[in-house]
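Architecture and fold: a report
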Amino acid sequence: EAAKSRLLPHLTQPQCEALSLAMLRDVLTALKQVPLLERVVALTPDRTVAETARDVGAEVLLRDDSGLNPAINAAATDLKLASQEPFLVVLGDVPGIEEEDIESLFDAVAGEAGPSVALAASSDGGSAALLRTPHTAIAAHFGTDSARAHREAAKEAGERGIRILAVGFGDE
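For the structure given in this document, a descriptive report is provided here. For every chain, the first residue of the written sequence is number 1, and numbering continues from 1 along that sequence. pLDDT decides what is reported in this predicted model: residues at 70 or higher carry local features, side-chain atom pairs at 80 or more are listed and counted, and totals for whole chains, interfaces and linings draw on all residues regardless. Side-chain measures were taken over the full set of non-hydrogen atoms in the model, leaving aside hydrogen atoms and water.

1. Here we look at the overall build of the protein
Let me state the cut-off plainly: A run of DSSP states H or I qualifies as a helix once it reaches four residues; a run of E qualifies as a strand once it reaches two. Both are numbered from the N-terminal end. Partly exposed residues are those whose accessible area sits between 20% and 50% of the maximum for their type, while under 20% is buried and over 50% is exposed, using a 1.4 Å probe and protein chains only. Any pair of residues with heavy atoms lying within 4.5 Å of one another is described as a contacting pair. Note on areas: these come from Shrake-Rupley sampling with a 1.4 Å probe, and a residue is covered only by the protein chains present in the view.
Counting secondary structure elements, the protein contains five helices and six strands. When its helices and strands are written in sequence order, the protein yields α-β-α-β-α-β-α-β-β-α-β. Looking at the protein residue by residue over its 172 residues, the buried ones come to 42%. Restricting to contacts in the protein with at least 6 residues of sequence separation, those with at least 24 account for 53%. Here the protein displays about 9,200 Å² of accessible surface, and carbon together with sulfur accounts for 49% of that area.

What follows is the structure, given as structure tokens:
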């Protein structure tokens, strides 16, 4: 697997994989501390990642690897979310994430009367986290330059009254 592949020039593959699992543990532990979250679910095609997630008390949705965005977009159905239920996605490698970071996403959409999206962009132009309320507000567009892609999707959806709100995470 290409876990943290940009670090491969500095670390061995096993070290990169161990780092990825350690970061995942940190993210899931932070999510488990957020009282607003009724459940924390790790979405993965990888059994080692699934085992790590279960070890920290997260539910696991083990799916075939159809790609990150198709898996995220299908997860709401798999999780049987109600039509108006929000859906938060936090990538498993967000450094230094804390309970307050997650709460800031929910705070950003709290006063919105209609559908809205809160985005925490990462320093490299990607998206560290995306809160969609309801979960159907926009599709997931994680990957290279995904913060822009999420903003564009929200802008297009804005014609339907969807607002996008930017949130910054402390260490991102």
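2. Structural notes on unusual backbone geometry
Negative phi values dominate among residues other than glycine, just as trans dominates among peptide bonds. Thr133 connects to Pro134 through a cis peptide bond whose omega is 0 degrees. The residue Pro134 is located in the loop between β5 (127–133) and α5 (146–157) in this model. Of note, Lys80 is a non-glycine position whose phi angle comes to about 60 degrees, a positive value. Structurally, Lys80 is set in the loop between α3 (68–78) and β3 (87–90). With a relative accessible area of 72%, Lys80 lands in the exposed category. With a phi close to 60 degrees, Asp145 is a non-glycine residue in the positive phi region. Residue placement: Asp145 occurs in the loop between β5 and α5.

3. Considerations on the nonpolar core
As a reminder of what qualifies: To qualify as a nonpolar core, a set must consist of buried Ala, Val, Leu, Ile, Met, Phe, Trp, Tyr and Cys residues joined through side-chain atoms within 4.5 Å.
Ranked by internal contacts, the top residues of the largest apolar core, which has 26 residues, are Leu31, Leu37, Leu88, Val90, Ile102 and Leu105. Every element with two or more residues in this core is listed here: α1 (13–32), α2 (47–55), β3, α4 (99–110), β4 (116–121) and β5. If you tally residues by element for this core, the top one is α1, at six residues. Leave out the neighbours within four places in its chain, and Leu88 touches Leu31, Leu37, Ile102, Leu105, Phe106, Leu130 and Leu131. Ala75, Val89, Ala140 and Ala147 belong to the second largest nonpolar core, which has 18 residues in total.

4. Side note on the packing of α1 against α2
The condition that has to hold: Note on geometry: axes are C-alpha line fits, over the in-contact stretch for helices, and angles between N-to-C directions span 0 to 180 degrees. Two helices cross in a left-handed way if the nearer one is turned anticlockwise from the farther one by less than a right angle. They cross in a right-handed way if the turn is clockwise. Three classes are used, and their members are as follows: Ala, Val, Leu, Ile, Met, Phe, Trp, Tyr, Cys and Pro are nonpolar, Asp, Glu, Lys and Arg are charged, and the others, Gly among them, are polar.
Relative orientation of the contacting elements α1 and α2 amounts to 40 degrees, with a least axis distance of 10 Å. Between α1 and α2 lies a crossing of right-handed hand. Contact residues: α1 offers Leu21, Leu24, Arg25 and Leu28, while α2 offers Thr48, Val49, Thr52 and Ala53. Residues belonging to the contact of α1 with α2 are distributed by class as follows: five nonpolar, two polar and one charged.

5. Some points on α1
Put simply, the rule reads: Residue count minus one, scaled by 1.5 Å, sets the expected span of a helix.
In this model, α1 (20 residues) spans 28 Å end to end at C-alpha, consistent with the 28 Å of a helix rising 1.5 Å per residue. For α1, the full list of buried residues reads Cys16, Ser20, Leu21, Met23, Leu24, Val27, Leu28, Ala30 and Leu31. The secondary structure elements touched by the buried residues of α1 are α2, β3 and α4.

6. Thoughts on α2
For the record, the criterion: Taking the helix axis as origin, the arc is that swept by the directions to the C-beta atoms. Whenever a nitrogen or oxygen atom comes within 3.5 Å of another N or O atom, the pair is scored as a polar contact, on the condition that within protein one atom can donate a hydrogen and the other can accept it, and that pairs from neighbouring residues in sequence are kept only if both atoms are in side chains.
Listed as buried for α2 are Val49, Ala50, Thr52 and Ala53. On an axial view of α2, the arc spanned by its buried residues comes to 160 degrees, and they lie on one face. The exposed set on the far side of α2, more than 90 degrees from its buried face, consists of Arg47, Arg54 and Asp55. Of the surrounding secondary structure, the elements contacted by the buried residues of α2 are α1, β1 (41–44) and β2 (59–62). One side-chain oxygen of the residue at the start of α2 lies 2.7 Å from the amide nitrogen of Thr48, identifying that residue as Asp46. Gly57 occupies a position one or two residues after α2 and carries a positive phi of about 90 degrees.

Any functional reading would require information beyond the geometric quantities listed.
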